[in-house]
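An overview of the molecular structure
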Amino acid sequence: MTAVVGSLMQTSCRSEPSRLIVVFPLAALLQDQRIVDPENTQFIAQFYILENISRGLVRDSAESPEGYSPAIARSWTRISSKRWALDIDPDARWSDGAPITTAQVASHLERLSRGRHRHVVYLKNLATIRVVGHRLELTFKTQTNAGLIHELSLADTFMLHPRNLEGDWSIGSGPYIVEKYVPGEILVLRSNAQFPDSAAFPEHVDLIEIPWEARPAMFKDRRVDLYRTPGPHFARSNQPVFAAAPKAYRGYPTCIYYFAFKPGRKVGKSVAARREIASLLMSSLQGIRLPEMTAESQMVPKGFAGRLADDIGPPPRSISAKVPKAISIGLPPAFQAVPQVADSVVR
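Keep in mind that what you see is a predicted model, and the values were worked out from it rather than measured.

1. As for the overall build of the protein chain
What the protein chain contains, in helices and strands, is 10 helices and 14 strands. For the protein chain, the proportion of its 347 residues judged to be buried stands at 43%. Intrachain contacts of the protein chain at a sequence separation of at least 6 include 63% that bridge at least 24 residues. Of the accessible surface of the protein chain, which amounts to about 18900 Å², a share of 54% is contributed by carbon and sulfur atoms.

2. Topic: the sheet that holds strand S8 (residues 126-132)
Strand order across the open sheet formed by 4 strands is S6-S7-S9-S8, with antiparallel pairing between neighbours. The two strands at the open ends of the sheet, each matched to only one other strand, are strand S6 (73-80) and S8. Pairs of neighbouring strands in the sheet enclose a mean axial angle of 20°, with direction left out of account. In the sheet, S8 pairs with strand S9 (residues 135-140) via 6 bridges, with the strands oriented antiparallel. The residue of S9 that forms the bridge with Thr128 is Thr139. The sheet strands contacting helix H2 (residues 102-114) are strand S7 (83-88), S8 and S9, and the helix crosses S8 at an angle near 175°.

3. Brief notes about the pattern of salt bridges
The tally for this structure, following the rule as stated, stands at 12 salt bridges. For Arg135, the salt bridge is made with Asp87, and the minimal N-O distance between the two is 3.2 Å. Highlighted residues: Arg135 in strand S9 and Asp87 in strand S7, separated in sequence by 48 residues. With relative accessibility at 26%, the residue Arg135 sits in the partly exposed group. Relative accessible area serves as the criterion here: at 16%, Asp87 is assigned to the buried category. A salt bridge links Asp225 to Arg223; the nearest nitrogen and oxygen atoms lie 2.6 Å apart. Summarising the burial analysis for this pair, Asp225 and Arg223 share the class buried. A single salt-bridge network, built from bridges that share partners, covers Arg83, Asp87, Arg130, Arg135 and Glu137.

4. A closer look at H2
Compared with the 18 Å implied by 1.5 Å per residue over 13 residues, the 19 Å span of H2 between its first and last C-alpha is a close match. Along H2, the residues that are buried comprise Thr102, Val105, Ala106, His108, Leu109, Arg111, Leu112 and Ser113. Elements that come into contact with the buried residues of H2 comprise S7, S8, S9 and helix H3 (147-152).

5. Brief notes about unusual backbone geometry
Of note in this structure, Ile35 is not a glycine but carries a positive phi near 65°. Structurally, the position occupied by Ile35 is in the loop between strand S3 (19-23) and helix H1 (44-53). Using a relative accessible area of 1% as the deciding quantity, one classes Ile35 as buried. Positioned with a positive phi, Asp197 is a non-glycine residue whose angle comes to about 60°.

6. Examining the pairing of S6
Bridge count between S6 and S7: 6 bridges; the pairing is antiparallel. Paired with Ser80 across the two strands is Arg83, which belongs to S7.

7. With respect to the confidence of the model for the protein chain
Taken as a whole, the protein chain shows an average pLDDT of 77; of its residues, 67% reach a score of 70 or greater. Under a pLDDT of 50 for its full length, residues 249-258 has, in the predicted model, 31 contacts with residues more than four places off or in other chains. In this model residues 338-347 is a low-confidence stretch, pLDDT under 50, and it forms 16 contacts with partners more than four residues away in sequence or in other chains.

8. Some details on the packing of aromatic side chains
What the rule picks out here adds up to 3 aromatic pairs. Each ring, one from Phe195 and one from Phe201, has its centre 6.1 Å from the other, and the planes form 45°; the classification is tilted. One aromatic cluster is present, built from ring pairs that chain together Tyr176, Phe195 and Phe201.

Reading guide: rules and limits
Residues numbered from 1 in each chain as written. Predicted model: local features only at pLDDT ≥ 70, side-chain atom pairs only at ≥ 80, totals over all residues. Heavy atoms only, no water. Helix = DSSP H or I, 4+ residues; strand = E, 2+ residues; numbered from the N terminus. Buried < 20%, exposed > 50% of the residue type's maximum accessible area, 1.4 Å probe, protein only. Contact = heavy atoms within 4.5 Å. Areas by Shrake-Rupley, 256 points an atom, 1.4 Å probe, with all protein chains shown as cover. Pairing = 2+ DSSP bridges. Axes fitted to C-alpha atoms, helices over the stretch in contact; angles between N-to-C directions. Salt bridge = Lys/Arg side-chain N within 4 Å of Asp/Glu carboxyl O. Expected span 1.5 Å × (residues − 1). pLDDT = per-residue confidence, 0-100. Phe/Tyr/Trp six-rings, centres within 6.5 Å; stacked < 30°, edge-to-face > 60°.

Okay, structure coming up:
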């Protein structure tokens, strides 16, 4: 599976650190003050907004061997095949400074279990929730594996304030709250001071809609800080925009290739084995990096072992000896055209 991530192009040297102006497809959002419907998300723009105005119990992490790291939930434990425990961070706060209570999280999970969210599966089988201090004990009707944690990392299961359900996003759990929304024109986000590390964020983010036909001339008429450069399939139609943009860039096009194992392969079910293979693969790729490529750890799964059960051990023999037989590296056509890469990897 391959995901292509477009870069963000810095289009102006006049930007100020306290405010960021971004061209954004506001047409993909709801055209009223609800902005998004968490029970009916289908566009990337909707997920993007939810990830910025709400916060999950857990979040995806490329740094954690388990594939997730804490958010509102500090930790999670599978007690038995039908029981899970979530430990809620007592320091978690709403944007108005009020604590995010364990009881509120319990009500949120119960609402998700009764809702019509298109990406909620495991929580549909929730039977009971027991609140014990800052700990939630969840009992399910059927066996529930680690897919539950993946589900809790999705933007449409993020923690919502009761007022959010009424279309009021002036209070929230995420890195930003909504300050102003004019459908089809502008969405203004303001930094949530209660969110961890919020001091590093721009104080305001203005998401503006620019009609397609007006984009080539937009740099003359207004300040624009970021414009999302599209994938290769849309690059040609964006050439007039690129030609008119000031030539100061931040970011770069990035292709992320997900390294996967065939289901049933024992080597793919071991956290230790996956981490060792990722380390070996990263080491081999470092030697062929072109000068214009960055040194960031973009290769998944460097330090990312996927979502595996904790009770699966490593294979009986060292995985290092199996690497040449177990792995073949295929490059996309764009890379095969670069001899420095193709000659070093493709045999």
